[in-house]
Every structure is written in structure tokens, then in C-alpha cells.
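Given next are the chains, with one letter for each unit.
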Amino acid sequence: MASCYGVSKLLLILLTTSFATALPATKPVSGQINSNSVLVALLDSHYTELAELVEKALLLQTLEEAVGRHNITIFAPRNDALERNLDPLFKSFLLEPRNLKSLQTLLMFHILPRRVSSPQWPSLSHHHRTLSNDHVHLTVDAPTLRLKVDSAEIIRPDDVIRPDGIIHGIERLLIPRSVQEDFNRRRSLRSISAVLPEGAPEVDPRTNRLKKPPPPVPAGAPPVLPIYSAMSPGPSLAPAPAPGPGGPRHHFNGEAQVKDFIHTLLHYGGYNEMADILVNLTSLATEMGRLVSEGYVLTVLAPNDEAMAKLTTDQLSEPGAPEQIVYYHIIPEYQTEESMYNAVRRFGKVKYDSLRFPHKVLAQEADGSVKFGHGEGSAYLFDPDIYTDGRISVQGIDGVLFPAEETPAVVKPAAPVVKKVAKSRRGKLMEVACKMMGSRFTSCQ
């Protein structure tokens, strides 16, 4: 009986052992990672900018699970590439809360779900899938034998080595195409679908019927609103007007045209100060580009550098003074040297509107050219037709124009009223009688 009990116990032990060995060995995945993990090494390494982005992208849990399944390879950009060499607009785009998905895709594009050390680097181009399901190319530059991932050079191969992964230092950030396209869409405002506000329907008082909406503006037609209604507020209210969403009238690339004419000014020579004011000291270049995109045309009377050097500190120190000076030199019409000269030859004096409302620019013919301004503050058309493209015309002048000071009319004091007593006039016969008889009569005295 005892022998049977011993045999049964032995069979039970053998069955338990066989079932234990038949079960698959699973690797436990826990939320806690080893202190010797490559993720801990990344957070404690000198790649502080990348580690900060990983924390902001909420990727620690995802990377812990990836490390728990397999080794990983991290391509870490140096801090300078993320601090100073990265486009500020692109960096702000990545840090916006609504773009969290793009930031996560960008960071996982730098991580391979396998271990690739520098001795294992392929000698030919090879595709490797990243954690973002995109692919990167690992190559070796033939002349210098330098390792590269896509177009970024590996500057510190095998910088951090851990049992579950490895970190290579790269010279710059890797940007996947999907993130770049998303950034371009946001920057060009194509993804913004704005609803145009519509007011209450208007009723025609004559017919008591709803007014019909105006017909749509055809492509290339001049704007309906005057240019003063389309301009941004003054510099004290909006020093840097933001471009709005592209409307149906954006048939012209005003920003490109303004950039082209500013480059023409710089290459022409002698108009660097004017270009500097438009681009650096003010936001007028952006404003002009927006107006041209809306369909407006402009003529710029550009003072040369010699004329701009004569401006005093008092003329430029007041807030908004550079903007007001340039506004007076912009005519909301398209005029060339020929059209302005023909106008002053025909009409003598012509007053052109300027963007400095309500001041006008006086033009007249003088010495076979066009003269602008009044008196000593006048300027001649010096370099005609520096830039003409049908939307923007730039004419060089040799002086800075200022509006004529409005002097009040002098009212002359009224002269005192002097009452004159009219003398009685004597007849001709009476005069002859007085001469003959003398002055003995009272009427002759």
C-alpha cells in the first residue's frame, strides 16, 4: 500500500513538472523600467532638449512598452540643432497642444525597434522601419566613411550603450514627410475653414423686398472697397498686421511681388535705407503684400539714400513717424514715369492721393521732368521706372516729401467806418456870379 502511494506521488510530481515546462515563457512587461535602461540613460544624458520633447509628447509609456518587447536604437539630435538651428515657427508648431500627434510622429521617427550598432551599419543603403511606421535610410558615405541616417550625419556613434538599446548622436533633427506637410498646411492656413459672418438680410424700403446679394467679384477685377478701408489700423494699434485667411480675391501673389521689388531696390543701388524701413523698421512690406494680394495697385516714390540721410532725429523719433513718412510716398494708383509726365504736361499741376489720408502729393512739370512737393521740400523724379510689373511701380526721387503745413487764413481787421458829409454842389451859373460879384452873398461862402 505504501509503495502504491509513493508511485502516485511520483506521477503527480512528474505531471506538474511537465505542465510547467509546456507553458510558454512570457516576458513580463511592467510600467517600471530598469535603472540600467536606455530610456533612463536618455533622460539623464546630455541630449536634454530631446528628452524634454519626449516628456512633453507623453511618450514615456509608449517607449517603456517598446523597450519591454525588443531592443531599440535612438538617433538623438544634439541640443544646438533643437535650440538655435531649428526654425522658431516649426518649433512653436510642434509645441502647440493641437499638434501633439505631429510631435509624437516626429520623435518616434528617430527610434528603430531593433538594435543597430556602428559595426553593424550597412555598407549600402538599407531601409529600416521606425516606431512611427516610416522608413529611414542607413548609409555610409564612401569618401569619408561617415555613417549617415537619411541626410543627417552620425557625429557620435554608439554614444550611449545599454543592454536594451543604444543611442547615436546626430547633427540635426530628422523630419518625416507627413509632419512637414502638416506644418506647411498650417502655415499656409489652408486647413482653416472659416465661416464668413453674414449680417441680417436687408429690406429695400421702396419695394419692401429683400435686397439681392451683390454679384460675385470676377477674378482679377479691381477691389470694391477703397484702399483706405482695406488698410490695417495705424502702427500704434497694430504694429505687425497678421495675414488673414486667403479669400476669393487673392488672385495675386502680393508677398512675392513686394519681395521682388525690394530685391530690385537693393540690386539697383542707392535705395538701401528705403528697403530697410520697409522690411526691418516697420511692417509695411507685409501690409503692401496683403494689399496687392487683395487686388490693389501701388506706386512707390522711393527717396534715395542721400535724401534719407538728411532726415533728422526729431523727424524719426516720434512713434509711427517712419510709417507716416512712407505712407505719404505711396500712391494708390499705378503710375509710370511716362504717365505722370504726360499728366503734368497736360494739366500743369496734378494732385495724387497718398496712403497718408487725406494728404495729397502735388506733382508738376519742371525742367523736363516731374517735380513732387511744395517749395523747398520738393523732390525730382530721379530714377524712373526702377520696378514696374503692372501691380507695383517704383519711382526713385531725390528728396523726402512731407505734406504742406496747413496755415490758417489770416482775417484782416475791418477798417473803421468814417462818415463823410457830402457837400452841396453849386451850379455853374452860381460859380460865375460869385466870381463877378465877389463873396458878399451868403451862398458864395
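Scroll up for the structure.
Nothing here was measured: the structure is a model prediction, and the numbers come from that model.

S.K.: I keep staring at the overall build of the protein and nothing clicks. Help me out?
M.R.: Counting its regular elements, the protein contains 17 helices and 16 strands. Counting every position in the protein, which comprises 445 residues, the buried fraction comes to 37%. A separation of at least 24 residues holds for 65% of the contacts in the protein among residues at least 6 apart in sequence. When the accessible surface of the protein is summed, it comes to about 28,300 Å², and 56% of that surface belongs to carbon and sulfur atoms.

S.K.: Can you help me understand the pairing of strand β13 (residues 360-366) in this one?
M.R.: Side-chain positions along a regular strand alternate between the two faces of the sheet. A large share of β13 lies buried, amounting to five of its seven residues. One ladder, built from five bridges, connects strand β12 (residues 349-353) with β13; its direction is antiparallel. Bridged to Val-350 within β13 is Ala-363. Hairpin connection between β12 and β13: a loop of six residues separates the two successive antiparallel strands. With four bridges connecting them, β13 and strand β14 (residues 369-372) associate as antiparallel partners. Considered in β14, the bridge of Ala-363 is made with Phe-372. Count of turn residues in the β13/β14 antiparallel hairpin: two residues, of which Asp-367 carries a positive phi of about 55°.

S.K.: Would you mind showing me how to read the nonpolar core here?
M.R.: Across soluble globular proteins, you tend to see nonpolar side chains buried next to one another. Ranked by size, the top nonpolar core spans 32 residues in total, and within it Phe-261, Met-288 and Val-394 carry the most contacts. For this core, the elements supplying multiple residues, two or more each, are α10 (254-268), α11 (272-281), α12 (284-293), β10 (298-303), α13 (305-308), α15 (321-327), β15 (379-388) and β16 (392-397). In this structure, Val-394 is in contact with Phe-261, Leu-265, Val-300, Ala-302, Asp-385, Ile-386 and Tyr-387, ignoring residues within four places of it in sequence. Counting 31 residues, the second-largest nonpolar core is a separate cluster that includes Ala-41, Val-54, Leu-59 and Ile-74.

S.K.: Teacher, can you tell me more about the sheet that holds strand β4 (residues 135-140) here?
M.R.: In a beta sheet, neighbouring strands pair by backbone hydrogen bonds and run either parallel or antiparallel. Taken in spatial order, the seven strands make up an open sheet running β2-β1-β7-β6-β5-β4-β3, and their pairing is mixed. Two strands in the sheet have a free side with no partner beyond their single neighbour: β2 (111-112) and β3 (126-129). With two bridges joining them, strand β5 (residues 147-149) and strand β6 (residues 152-162) adopt antiparallel strand pairing. Paired with Val-149 across the two strands is Ala-152, which belongs to β6.

S.K.: What is the right way to look at empty space enclosed by the protein in this model?
M.R.: A water-sized probe, rolled over the atoms, reveals where empty space remains. Across all of its chains, the model carries three cavities of 30 Å³ or more by this definition. Of the pockets and cavities examined, the second largest cavity occupies roughly 50 Å³. Taken together, the residues that form the lining of the second largest cavity break down as seven nonpolar, one polar and no charged.

S.K.: How should the pattern of salt bridges be read in this particular structure?
M.R.: When the charged atoms of two side chains lie near each other, side chains of opposite charge can form a pair. Inspection of the entire model under this criterion finds eight salt bridges. The salt bridge partner of Glu-153 is Arg-146, with a shortest N-O separation of 3.3 Å. Note that Asp-182 and Arg-185 form a salt bridge whose closest N and O atoms lie 3.8 Å from each other. Taken together, the residues Asp-182 and Arg-185, both in helix α8 (residues 177-187) and three residues apart, mark about one turn of the helix.

S.K.: Just to check I follow, could you spell out the side chain of His-168 for this structure?
M.R.: As for its placement among the helices and strands, His-168 is situated in strand β7 (residues 165-170). At a separation of 3.0 Å, a polar atom in the side chain of His-168 contacts the main-chain amide nitrogen of Asp-158.

S.K.: Which parts of the structure should I look at to understand the packing of aromatic side chains?
M.R.: Any aromatic ring pair is given by two values, namely how distant the centres are and how the planes are angled relative to each other. Under the defined criterion, the tally for this structure stands at five aromatic pairs. Taken together, a centroid distance of 6.1 Å and an interplanar angle of 55° make the contact between Tyr-268 and Tyr-271 tilted. Note on Tyr-271: relative accessible area 1%, which makes it buried. An aromatic cluster is present here, built from Phe-90, Phe-93 and Phe-183 joined pairwise through their rings.

S.K.: Any chance you could explain unusual backbone geometry here in plain terms?
M.R.: Residues other than glycine predominantly adopt negative phi, and peptide bonds predominantly adopt the trans conformation. Here the amide bond leading from Phe-357 into Pro-358 is cis, since omega sits at 5°, within 30 degrees of zero. Mapped onto the fold, Pro-358 is located in the loop between β12 and β13. Despite not being glycine, Leu-58 has its phi angle at roughly 60°, a positive value. By secondary structure assignment, the location of Leu-58 is in the loop between α3 (48-56) and α4 (60-69). By relative accessible area, Leu-58 is classed as exposed at 61%. Located in the positive-phi region is Asp-150, a residue other than glycine, with phi close to 55°. We classify Asp-150 as partly exposed; its relative accessible area is 27%.

S.K.: It is not clear to me how the environment of Thr-388 should be interpreted in this structure. Could you clarify?
M.R.: Within the fold, Thr-388 resides in strand β15. Look at Thr-388 and you get partly exposed, because its relative accessible area is 38%. Sequence spacing of Thr-388 and Gln-335 is 53 residues, and the spatial spacing of their C-alpha atoms is 9.1 Å. Sequence-distant contacts of Thr-388, that is, excluding residues within four places in its chain, are made with Tyr-334, Thr-336, Ser-393 and Gln-395.

S.K.: Would you explain the packing of α10 against α12 in this entry?
M.R.: Running from amino to carboxyl end, α10 crosses α12 at an angle of 130°, the nearest separation of the two axes being 7 Å. Relative to α12, the element α10 is oriented oblique. Seen from above, α10 lies across α12 with right-handed handedness. Contacts between α10 and α12 involve Gly-254, Glu-255, Gln-257, Val-258, Phe-261 and Ile-262 from the former and Ala-285, Met-288, Gly-289, Val-292 and Ser-293 from the latter. Residues belonging to the contact of α10 with α12 are distributed by class as follows: six nonpolar, four polar and one charged.

Calculation rules
- Residues numbered from 1 in each chain as written.
- Predicted model: local features only at pLDDT ≥ 70, side-chain atom pairs only at ≥ 80, totals over all residues.
- Heavy atoms only, no water.
- Helix = DSSP H or I, 4+ residues; strand = E, 2+ residues; numbered from the N terminus.
- Buried < 20%, exposed > 50% of the residue type's maximum accessible area, 1.4 Å probe, protein only.
- Contact = heavy atoms within 4.5 Å.
- Areas by Shrake-Rupley, 256 points an atom, 1.4 Å probe, with all protein chains shown as cover.
- Pairing = 2+ DSSP bridges.
- Core = buried A, V, L, I, M, F, W, Y, C linked by side-chain atoms within 4.5 Å.
- 1 Å grid on protein atoms, 1.4 Å probe; cavity = no way out; pocket = protein on both sides within 12 Å on 5 of 7 lines; lining within 4 Å.
- Points joined across faces, edges and corners; volume = space filled by probe spheres on them.
- Nonpolar A, V, L, I, M, F, W, Y, C, P; charged D, E, K, R; others polar.
- Salt bridge = Lys/Arg side-chain N within 4 Å of Asp/Glu carboxyl O.
- Polar contact = N/O pair within 3.5 Å; in protein donor to acceptor, adjacent residues only side chain to side chain.
- Phe/Tyr/Trp six-rings, centres within 6.5 Å; stacked < 30°, edge-to-face > 60°.
- Axes fitted to C-alpha atoms, helices over the stretch in contact; angles between N-to-C directions.
- Parallel < 35°, antiparallel > 145°, perpendicular 65-115°, else oblique.
- Left-handed = near helix turned anticlockwise from the far one by under 90°.

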